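Descriptive structure summary
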Amino acid sequence: MNAAPESTGALPACGACCTRLEDFGVHLGGRTILENIRLHMHCGELTAVIGPNGAGKTTLLRAITGDLPHTGALRFLQHDNRESSKPLRIGYVPQKVEIDATSPTTVLDLFAAALARWPVWLGPRAAARGRTREALALVGAEPLMHRKLAEISIGQLQRVFLALALVPVPELLLLDEPVAGVDRAGTRLFYQTVSRMRTEFDLSILLVSHDLTAAAAVADRMILLNRTILCDGRPREVLLNPLIRDTFGFGFTPEELPPQRGPAIPFAHHGRRSAGAGEATP
Amino acid sequence: MMPLWSTLVSGLPFEWAQYAFMQNALLAVLLVTPLLALLGCLVINHQMAFLSEAIGHSTLTGLALGVLLGLREPLAAVIGFAALLGILVVLLRRHSAVSSDTAIALMMACTVSLGVVLLSRGGGFARYSRYLIGDILTISPAEIASLAALLALVLAVWLRWFNPLFFVHLNRTLAASRGLGVKRMEASFTVIVAVVVAVAMPWVGLLVINAMLILPAAAARNLAGNTRQYTLLAVTLGMASGLLGLLTSYYGNTATGATIALWASGFFALSMLLRRR
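Residues numbered from 1 in each chain as written. Chains lettered and ligands numbered in written order. Predicted model: local features only at pLDDT ≥ 70, side-chain atom pairs only at ≥ 80, totals over all residues. Heavy atoms only, no water.

1. A closer look at the pairing of strand 9 (residues 228-233) of chain A
On a regular strand, each side chain points to the face opposite its neighbour's, so the side chains alternate between the two faces of the sheet. All names here are of chain A. The buried fraction of strand 9 amounts to five of the six residues, a majority that puts the element mostly inside the structure. In terms of strand pairing, strand 8 (residues 221-226) meets strand 9 through five bridges, oriented antiparallel. Paired with Asn226 across the two strands is Thr228, which belongs to strand 9. Taking the residues between adjacent antiparallel strands as the criterion, strand 8 and strand 9 are bridged by one residue, where Arg227 takes a positive phi near 70°. (Buried < 20%, exposed > 50% of the residue type's maximum accessible area, 1.4 Å probe, protein only. Helix = DSSP H or I, 4+ residues; strand = E, 2+ residues; numbered from the N terminus. Pairing = 2+ DSSP bridges.)

Structural data, given as structure tokens:
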């Protein structure tokens, strides 16, 4: 494992701090779900994870949060290349959360329970209200503060969860199919907000998505996952790789894909097939 | 404490207020109903209504084991067994392919039948039927003190750990990402429910204890606009059902636990009507 390269200067972020998965794997009930995952994510970079159903995409996120046990290491290196002594701060936006229709939980209750110790059943205090309002303002959702989770739209709910994931500001933001079931306008608004947050807070973002072209449009980098990382590169390169047709049963032509965004991304991996090589066999 | 309470209550201009057993029962009801209602709010949030029912029924087996072991006070066995069962279901839910309601139904069937078989050896089950319907009218001051201590304990936990207990029900991965010990929270909550149900069971009655846990919170859910209202309404409705149930059971000469549960059902029906509007 080498150190992350110095910032190219072209990235909006410092680009020098780095979240690393080293020999990361998940084994559950004697079954190997993920193995040999090596991934370096630089801050300010959005990495999209694509793969077929059952590839282990959600499992990868759950293992990173600590909800599932994993092998290997998860490390966070600061800009001076020293390992942070504090645990990695992770923001997580879940896949569509089922909210019971009779649930009286409000957006404010949700935030107050996460941010404060003062028990929510006695009513959130002024400090928690203030922090909630600030967080909601980040995603333009202040009017939702006193609404029940059960009565707002899925798109609004996902923006609320995004706001929650941003307090306190995380080092790594995990988005698990965050716009599944969200309408078009809601999807656009969600991704606009994510893009803004990425530059504003210098976040590393890991996005799991089924929508390959939508993911390609927002991502700096894409990995094709199926038990391990099959292919890793810029979104255009990955989607034009023959492995895509092998995996999904359909491929893309260059005209179908959004133009490449941003400059080339420096990678520090060795010994892994790079996307451009194209010679890969599954 | 007790003399003060009985002076206070006997000052009320009612016939029932003069009897020591009613004074005791009144205090016990005002302790046990808020206790169950508080817990009920989170039980529903965690979608554990069926699990708490199973825990309630398992208290019968705990009782049987306690009797079998020759304990004079089988309460320890009841609490221990209920807690064990709770943990077992949490583990089963997590580690097996059996759906959780099937797992719970299986457990409940096994424990109830085992309990009945053990207690009915020699044809003596009638002796234990008081546990099925509860007999709050026989509660002693010492037993009231144990209910008060339990309420104080639950309030202390609710002041310090309510938020994490509340947060984990939304989404476990989300909770884990914020550094909460999801398994620890799930297990602790189940144990708290088991202990409270086991302690309250002899007074409220095994058949209706789950009603007292679930109904006030379910009714409050129909009316509340946020978590604070939800909790306070559930406690209020629980205590109101308790008070009304105790008095109507006194005048109607009916089983107190079930009468309380009927009042709670009435409040629930009312809340449904109010919700529609």
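2. Observations concerning the packing of helix 1 (residues 2-10) of chain B against helix 2 (residues 20-45) of chain B
Residues and elements named next belong to chain B. It is the contact of helix 1 with helix 2, at a shortest axis distance of 10 Å, that shows an interaxial angle of 105°. As far as their axial angle goes, helix 2 and helix 1 are roughly perpendicular. Where helix 1 abuts helix 2, its residues Met2, Trp5, Ser6, Val9 and Ser10 lie against Gln23, Asn24, Leu26, Leu27 and Leu30. Here the residues of the contact of helix 1 with helix 2 are counted per class, giving six nonpolar, four polar and no charged. (Axes fitted to C-alpha atoms, helices over the stretch in contact; angles between N-to-C directions. Parallel < 35°, antiparallel > 145°, perpendicular 65-115°, else oblique. Contact = heavy atoms within 4.5 Å. Nonpolar A, V, L, I, M, F, W, Y, C, P; charged D, E, K, R; others polar.)

3. Structural notes on the sheet that holds strand 9 of chain A
Residues and elements named next belong to chain A. Taking strand neighbours across the sheet as the criterion, the six strands line up as 5-6-7-3-8-9 in an open arrangement whose pairing is mixed. The sheet is open, and its two edges are formed by strand 5 (90-93) and strand 9, each paired on a single side. Averaged over all pairs of adjacent strands, the angle between strand axes in this sheet comes to 20°, irrespective of strand direction. The sheet contacts of helix 4 (residues 154-165) involve strand 5 and strand 6 (172-176), and relative to strand 5 the element is tilted by about 175°.

4. Remarks on the interface of chain A and chain B
Taken together, the contact pairs 37 residues of chain A with 26 residues of chain B. For the pair chain A and chain B, the two sides together bury roughly 2800 Å², of which 58% comes from carbon and sulfur. Inspection of the region where chain A meets chain B yields two salt bridges. Our enumeration of links across chain A and chain B arrives at 13 residue pairs in polar contact (both at pLDDT 80 or more). At the level of secondary structure, the elements contributing two or more residues to the side of chain A that touches chain B comprise helix 1 (57-65), strand 5, helix 2 (107-115) and helix 4 of chain A. Examining the composition of the side of chain A that touches chain B, we find that six residues originate from one element, helix 2 of chain A, more than from any other. Here the residues of the side of chain A that touches chain B sort into 24 nonpolar, seven polar and six charged. (Buried area = accessible area lost by both parts, 1.4 Å probe. Salt bridge = Lys/Arg side-chain N within 4 Å of Asp/Glu carboxyl O. Polar contact = N/O pair within 3.5 Å; in protein donor to acceptor, adjacent residues only side chain to side chain.)

5. A short note on the packing of aromatic side chains
Residue and element names in this part refer to chain B. What the rule picks out here adds up to eleven aromatic pairs over all chains. Considering the side-chain rings of Tyr19 and Tyr250, the 6.4 Å spacing of their centres and the 45° angle between planes classify their relative orientation as tilted. In this pair, Tyr19 sits in the loop between helix 1 and helix 2 while Tyr250 sits in helix 11 (residues 227-252), placing the two residues 231 residues apart along the sequence. Aromatic pair Trp158 and Phe189: ring centres 6.4 Å apart, planes at 35°, arrangement tilted. (Phe/Tyr/Trp six-rings, centres within 6.5 Å; stacked < 30°, edge-to-face > 60°.)

6. Topic: empty space enclosed by the protein
Residue and element names in this part refer to chain B. Tallied over the entire structure, the rule returns three cavities of 30 Å³ or more. Of the voids in this model, the largest cavity is the one considered here, and its volume is about 50 Å³. Val32, Thr33, Leu36, Ile136, Trp203, Val204, Met212, Thr256, Gly257 and Ile260 together form the lining of the largest cavity. The set of elements that each furnish at least two residues to the lining of the largest cavity consists of helix 2, helix 9 (182-204) and helix 12 (256-276). The residue makeup of the lining of the largest cavity, split by class, is seven nonpolar, three polar and no charged. (1 Å grid on protein atoms, 1.4 Å probe; cavity = no way out; pocket = protein on both sides within 12 Å on 5 of 7 lines; lining within 4 Å. Points joined across faces, edges and corners; volume = space filled by probe spheres on them.)

7. Some remarks on unusual backbone geometry
Residues and elements named next belong to chain A. Here the residue pair Val167 and Pro168 is connected by a cis peptide bond, since its omega of -10° sits within 30 degrees of zero. Turning to its location among the elements, Pro168 is positioned in the loop between helix 4 and strand 6. A positive phi angle, close to 45°, is found at Glu177, a residue other than glycine. Tracing the chain through its elements places Glu177 in the loop between strand 6 and helix 5 (184-201). For Glu177, a relative accessible area of 9% gives the class buried.

8. Focus: the pattern of salt bridges
A full pass over the atoms with the stated rule returns 15 salt bridges over all chains. Its salt-bridge partner being Asp67(A), residue Arg172(B) comes within 3.0 Å of it at the nearest N-O pair. Separated into two different chains, Arg172(B) in helix 8 (residues 172-177) and Asp67(A) in the loop between helix 1 and strand 4 (71-77) make up a pair that spans both. The exposure class assigned to Asp67(A) is buried, which follows from its relative accessible area of 7%. A salt bridge links Asp232(A) to Arg221(A), with the shortest nitrogen-to-oxygen separation between them at 3.1 Å. Linking Asp232(A) in strand 9 with Arg221(A) in strand 8, this pair joins segments that are eleven residues apart in sequence.

9. Details of the sheet that holds strand 2 (residues 31-42) of chain A
Residues and elements named next belong to chain A. The three strands are arranged 2-1-4 in an open sheet whose pairing can be described as antiparallel. Every other strand in the sheet has two partners, leaving strand 2 and strand 4 as the edge strands with one partner each. Going across the sheet, the axis of each strand differs from the next one's by a mean of 10°, ignoring polarity. The sheet contact formed by strand 1 (residues 18-28) and strand 4 spans six bridges and is antiparallel. The residue of strand 4 that forms the bridge with Arg20 is Arg75. Contacting strand 1, strand 2 and strand 4, helix 1 crosses the sheet at an angle of about 110° to strand 1.

10. So, the side chain of Glu45(A)
Residues and elements named next belong to chain A. Along the chain, Glu45 turns up in the loop between strand 2 and strand 3 (46-50). Here the side chain of Glu45 touches Thr47 through a polar contact of 3.5 Å, side chain to side chain. A polar side-chain atom of Glu45 sits 2.9 Å from a polar atom in the side chain of Arg221.

11. Observations regarding the confidence of the model for chain A
All names here are of chain A. In this model, chain A carries an average pLDDT of 84, and 86% of its residues clear a pLDDT of 70 or more. When mean pLDDT is taken per element in chain A, helix 2 scores highest with 96 and helix 5 scores lowest with 87. The model gives residues 1-13 a pLDDT under 50, and that stretch makes 25 contacts with residues more than four places away or in other chains. Residue range residues 264-282 is modelled with pLDDT below 50. Its contacts to residues more than four positions away, or to other chains, number 38 contacts. (pLDDT = per-residue confidence, 0-100.)

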